[in-house]
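# Per-entry structural report
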Amino acid sequence: MRRLKRWAISFLLAMTAASPIVSSVYAEGVEVRIMVDGAPALFEQPPVIVDGTALVPMQGLFQRLGASFQWEDRTQTIIASKNDTKLLLSMGLKKAEVDGETKEMEVPARMVGEVPLVPVRFVSNALGMYVYWDDETRTIKMETDDDLNGRTRRQIDARIRASAPVFSGDVFEEKPRITAPHKPGKLNTDFVEDGVKTVNLMRYLAGLPDDLVQDSALNEQAQYGAVLLADFGKLSHTPSKTLGMEEPFYKKGYLSTSTSNIYSIYAANSAIKLNGLLTRTVVSYMSDHDETNRETVGHRRWILYPPLQKIGFGLAEGRRSNDYRTYFSPLQVFDKSRKDKFDYDVIAWPGKGYFPTKYFQGNDPWSISLNPEQFVKPSLQDVSVSITRLNDDMIWTMDRDDLERTSGKAYFNVDTAAYGVPYCIIFRPDTDMQYNDGDRFVVKVSGLKDRQGDPVSVSYQVVMFAT
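What comes next concerns the included structure. (Residues numbered from 1 in each chain as written. Predicted model: local features only at pLDDT ≥ 70, side-chain atom pairs only at ≥ 80, totals over all residues. Heavy atoms only, no water.)

This brings us to the overall build of the chain. What the chain contains, in helices and strands, is ten helices and 30 strands. A principal-axis box enclosing the C-alpha atoms of the chain has dimensions of 80 × 55 × 45 Å. Across the 467 residues of the chain, 52% fall into the buried class. In the chain, the proportion of contacts linking residues at least 24 apart, taken out of those at least 6 apart, comes to 62%. Entry remark: accessible area of the chain is about 21600 Å², with carbon and sulfur atoms responsible for 47%. Treating the 56 positive side-chain charges of the chain as one cloud and the 61 negative ones as another, the clouds have centres 3 Å apart. (Helix = DSSP H or I, 4+ residues; strand = E, 2+ residues; numbered from the N terminus. Buried < 20%, exposed > 50% of the residue type's maximum accessible area, 1.4 Å probe, protein only. Contact = heavy atoms within 4.5 Å. Areas by Shrake-Rupley, 256 points an atom, 1.4 Å probe, with all protein chains shown as cover. Lys, Arg positive; Asp, Glu negative; His and termini not counted. Charge placed at Lys NZ, Arg CZ, Asp CG, Glu CD.)

If you want it as structure tokens, here you go:
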């Protein structure tokens, strides 16, 4: 093992020492590249893929990250440091220490011959880098991660991963019945929790309190609404009473549909997977890009309503048609039980600072909700919005002349209806807009007035990033 000791000594003395050039990973015969801050990574031997995790030679990675390290031969332990961060990990162990705190890796570091390999994502994240997979170019990209609006990309990425749906099994504890005698049924609370995690993730991305909880009474209410919609056969906040439905059941169902976000999916039997479906409904609500919802983005505004604390989900299957199925799902969002008041100026979507591209597509409208305690009611006649893409200084300006429904063109509206926060500015450059990793935008809203009637503007930055 003398070679490893020699690596540590020589690297600590001269971090710029040259190393053989190998910049490809081979997984199942397909070349995968590694880039660090836009430059090809250089390693003394090819990295390997283990259970979907890339492991690279210790020396090459620490050299590229500008970190120093020591190798303990007897215990096969690495101690690495960069700036104020200290990392300790051992070959073959999933647990590692970052600044004295125990963390668990998906795949442990390991020896390949005489060369210690370490997991790219874990080590790079610990030492201040953001790591993501670019599927189009089949590249593992590592980039220096700075703080923007109080968050780093690593923190956001970790939250996204922690919010992924995990439930598997039968989503129903009790099956609903959509024909007389109607029965609401009951969802598995662990299944509902996947949906709650997604709602909290959306609020986290918008900078709102993200501690919402499911409420058993609201879950039950949502089940009545789901059965009513499934029997009615189409989405409606005001569905008619269906054949054979008793009046008390209908009233409970109507209360649900009239006070909730509602969603339906119609697809081939093989295409519908119930596990993860609630996550899909929440992401759809946040998009609100179709012409019936773009004008108000009401679903989004209710999810981003600051006083919201308790929510409930429902789900029921409609009547089958050949090989196709339809499911209906309400999300109860009219709660105002949060005890602590949340102070804010605006609620933006996409949120201020770093924002993941997976939750915002080209046809989604931007929205800015104004705190009524800080702004007077905005006017469509006075307000305008500009978006500047700093990468190429491209500027889009939108105002009342863009209040239209024609697809493929800019859109602008000021809505003051009581969808959660009532003062909302909605805009979109065009339906062909593409948001790419690294796009930096400055958003500025003009024509506003504060509560004293003085002119004010709102400006903030959004940086799109891939996960």
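This part takes up helix H7 (residues 247-257). Here H7 has its buried residues at Phe 249, Tyr 250, Gly 253, Ser 256 and Thr 257. Along the long axis of H7, the arc covered by the buried residues comes to 120 degrees, so they all point the same way. Those residues of H7 that are exposed and angled more than 90 degrees off the buried face are Pro 248 and Lys 251. In the core, the buried residues of H7 are packed alongside helix H6 (216-232), strand S18 (260-268) and strand S21 (324-332). (Arc of directions from axis to C-beta.)

All right, on to the sheet that holds strand S25 (residues 384-389) then. Strand order in this open sheet of five strands is S23-S30-S29-S25-S26, and the pairing throughout is mixed. On the outer flanks of this sheet lie strand S23 (353-356) and strand S26 (394-398), each paired with one strand and no other. Strand-to-strand, the axes of this sheet are offset by a mean angle of 25 degrees, without reference to chain direction. Alignment of S25 against S26, held across five bridges, turns out to be antiparallel. Its bridge partner lying in S26, Arg 389 is registered against Met 394. Along the sheet, helix H4 (residues 153-162) makes contact with S23 and strand S30 (455-465), crossing S23 at roughly 35 degrees. (Pairing = 2+ DSSP bridges. Axes fitted to C-alpha atoms, helices over the stretch in contact; angles between N-to-C directions.)

Turning to the pattern of salt bridges, a few remarks are in order. Inspection of every chain in the model, using the stated rule, returns 20 salt bridges. Across the pair Asp 170 and Lys 175 runs a salt bridge whose closest N-O atoms are separated by 3.7 Å. Residue classification places Asp 170 among the partly exposed positions, given a relative accessible area of 45%. Relative accessible area serves as the criterion here: at 57%, Lys 175 is assigned to the exposed category. In this structure, a network of salt bridges that share partners links the residues Glu 143, Asp 145, Arg 153 and Arg 154. (Salt bridge = Lys/Arg side-chain N within 4 Å of Asp/Glu carboxyl O.)

Let us now look at empty space enclosed by the protein. Counting across every chain of the model gives one cavity of 30 Å³ or more. In this structure, the largest cavity occupies an estimated 40 Å³ of space. In terms of lining residues, the largest cavity is bounded by Arg 301, Leu 304, Ile 347, Ser 367, Ser 369, Tyr 419 and Val 421. The residue makeup of the lining of the largest cavity, split by class, is four nonpolar, two polar and one charged. (1 Å grid on protein atoms, 1.4 Å probe; cavity = no way out; pocket = protein on both sides within 12 Å on 5 of 7 lines; lining within 4 Å. Points joined across faces, edges and corners; volume = space filled by probe spheres on them. Nonpolar A, V, L, I, M, F, W, Y, C, P; charged D, E, K, R; others polar.)

Before going further, it helps to examine the nonpolar core. Counting residues in hydrophobic clusters, the biggest one holds 80 residues, and the most contacted among them are Phe 313, Trp 349, Trp 366, Ile 425 and Phe 427. When residues of this core are assigned to their parent elements, the largest contribution, eight residues, is made by helix H5 (residues 189-205). By size, the runner-up hydrophobic cluster in this structure holds 33 residues, among which are Leu 61, Ala 67, Phe 69 and Val 131. (Core = buried A, V, L, I, M, F, W, Y, C linked by side-chain atoms within 4.5 Å.)

The next thing to look at is the packing of aromatic side chains. Using the criterion set out here, one finds 20 aromatic pairs in the structure. Aromatic pair Tyr 435 and Phe 441: ring centres 5.7 Å apart, planes at 70 degrees, arrangement edge-to-face. For the pair Tyr 435 and Phe 441, a shared accessibility class is recorded, and that class is buried. Clustering of aromatic rings is evident, with ring pairs tying together Trp 349, Phe 355, Phe 360, Trp 366, Phe 427, Tyr 435 and Phe 441. Stacked on the ring of Tyr 204, the Lys or Arg Arg 151 has its end atom at 3.8 Å from the ring centre. In this structure, Arg 159 packs its charged tip against the face of Tyr 204, placed 4.8 Å from the ring centre. (Phe/Tyr/Trp six-rings, centres within 6.5 Å; stacked < 30°, edge-to-face > 60°. Lys NZ or Arg CZ within 6 Å of the ring centre and 35° of its normal.)

A word on H5. The terminal C-alpha atoms of H5 lie 24 Å apart, and with 17 residues this matches the ideal 24 Å at 1.5 Å per residue to within 8%. Among the 17 residues of H5, 13 are classified as buried, and the element is accordingly described as predominantly covered. Looking at where H5 begins, the residue whose side-chain oxygen comes 2.8 Å from the main-chain nitrogen of Asp 190 is Asn 188. (Expected span 1.5 Å × (residues − 1). Polar contact = N/O pair within 3.5 Å; in protein donor to acceptor, adjacent residues only side chain to side chain.)

Tracing the backbone through its elements, the reader meets Trp 366 in strand S24 (residues 366-370). What makes Trp 366 buried here is its relative accessible area of 0%. Each C-alpha atom, one on Trp 366 and one on Val 443, is 10.0 Å from the other, the two residues being 77 residues apart in sequence. A polar side-chain atom of Trp 366 sits 2.8 Å from a polar atom in the side chain of Tyr 435.

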